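Here is how the chains run, residue by residue.
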Amino acid sequence: RPAQTLLAAASVRSAWRTLVARGIGQAPVVSADGTLAGLAGRAELLPPALLDAALADAAAWDALLDQPVAAVMWTPVPAAAPDTELRRVAELLLATGLPGVPVVSADGRVEGFVSRSDLLRAIVADPPLDLWG
């Protein structure tokens, strides 16, 4: 907490800069009222399949970067409640292949985000976290 989020209406260019500035690979995407709208990472913002064509044409590159995050985000995206056990979050990541899971309040507002690396940090923390107890 607090969650690092991207706005659904923000441009891909702006979202990419935000991820780079914060040193993160993905973030929950929120609507203007702060509720969860999706998930976007660097792979969704600039998919390799579109990069070759865009790099060859400046106008295509600008169009790619100027589109809203909502056009490229992963949606719908599952979320966890603040009291969800880490084991359940890990199971969800394995089942979906997502890089992380947004944590949302009962009213749908994003409160946090649990990434794969967050889970690994929790497992190796001293004292060790008892995930299976």
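Each chain carries its own residue numbering, running from 1 in the direction its sequence is written. Since the coordinates come from a predicted model, pLDDT governs what is reported: local features require at least 70, and pairs of side-chain atoms require 80 or more to be given and counted, while whole-chain, interface and lining totals use all residues. Hydrogens and water molecules were not included; the side-chain quantities draw on all heavy atoms of the structure.

Draft legend 1. Spatial organisation of the sheet that holds strand S3 (residues 36-41). Only strands that DSSP links by at least two bridges are regarded as paired with each other. Labels follow the DSSP assignment, with helices taken as runs of H or I lasting at least four residues and strands as runs of E lasting at least two, numbered in each case from the N terminus. Strand order in the open sheet formed by 3 strands is S1-S2-S3, with mixed pairing between adjacent strands. Pairing within the sheet leaves two strands with one partner each, and these edge strands are strand S1 (6-7) and S3. Sheet topology places strand S2 (residues 26-30) next to S3; 5 bridges connect them, and they run antiparallel. Bridge assignment links Val29 to a residue of S3, and that residue is Gly38.

Draft legend 2. Molecular detail of the pairing of S2. The buried fraction of S2 amounts to 5 of the 5 residues, a majority that puts the element mostly inside the structure. The pairing of S1 with S2 spans 2 bridges and is parallel. Of the residues in S2, the one forming a bridge with Leu7 is Val30. Connecting the antiparallel pair S2 and S3 is a turn made up of 5 residues, with Gly34 showing a positive phi of about 90°. For each residue, the accessible area found with a 1.4 Å probe, counting protein chains only, is set against the maximum for its type, and the residue is called buried under 20%, exposed over 50%, and partly exposed in between.

Draft legend 3. Examining the packing of aromatic side chains more closely. Two rings from Phe, Tyr or Trp (for Trp, the six-membered ring) form a pair when their centres are within 6.5 Å of each other. A pair whose planes differ by under 30 degrees is stacked, one over 60 is edge-to-face, and the rest are tilted. Evaluation of the coordinates by the stated rule reveals 0 aromatic pairs. Over the ring of Trp16 we find Arg42; its NZ or CZ atom is 5.6 Å from the centre of that ring. Two thresholds decide whether a charge sits over a ring: the Lys NZ or Arg CZ must be within 6 Å of the ring centre and within 35 degrees of the ring normal.

Draft legend 4. Geometry of the nonpolar core. As used here, the term nonpolar core means buried Ala, Val, Leu, Ile, Met, Phe, Trp, Tyr and Cys residues forming a set that is joined through side-chain atoms within 4.5 Å. Grouped together as the largest cluster of nonpolar side chains are 16 residues, with contacts concentrated most on Leu6, Val12, Val29, Ala40, Leu45 and Val69. Of all the elements in the fold, those that place two or more residues in this core are helix H1 (12-22), S2 and helix H4 (58-66). The leading source of residues in this core is H1, at 3 residues. Two residues form a contact once any of their heavy atoms are found within 4.5 Å. The contacts of Leu45, once residues within four sequence positions are left out, are Val12, Ala15, Trp16, Leu19, Ala40, Val69 and Val72. Val77, Val89, Leu98 and Leu119 belong to the second-largest nonpolar core, a separate cluster that totals 11 residues.

In short, geometric facts, not functional conclusions.
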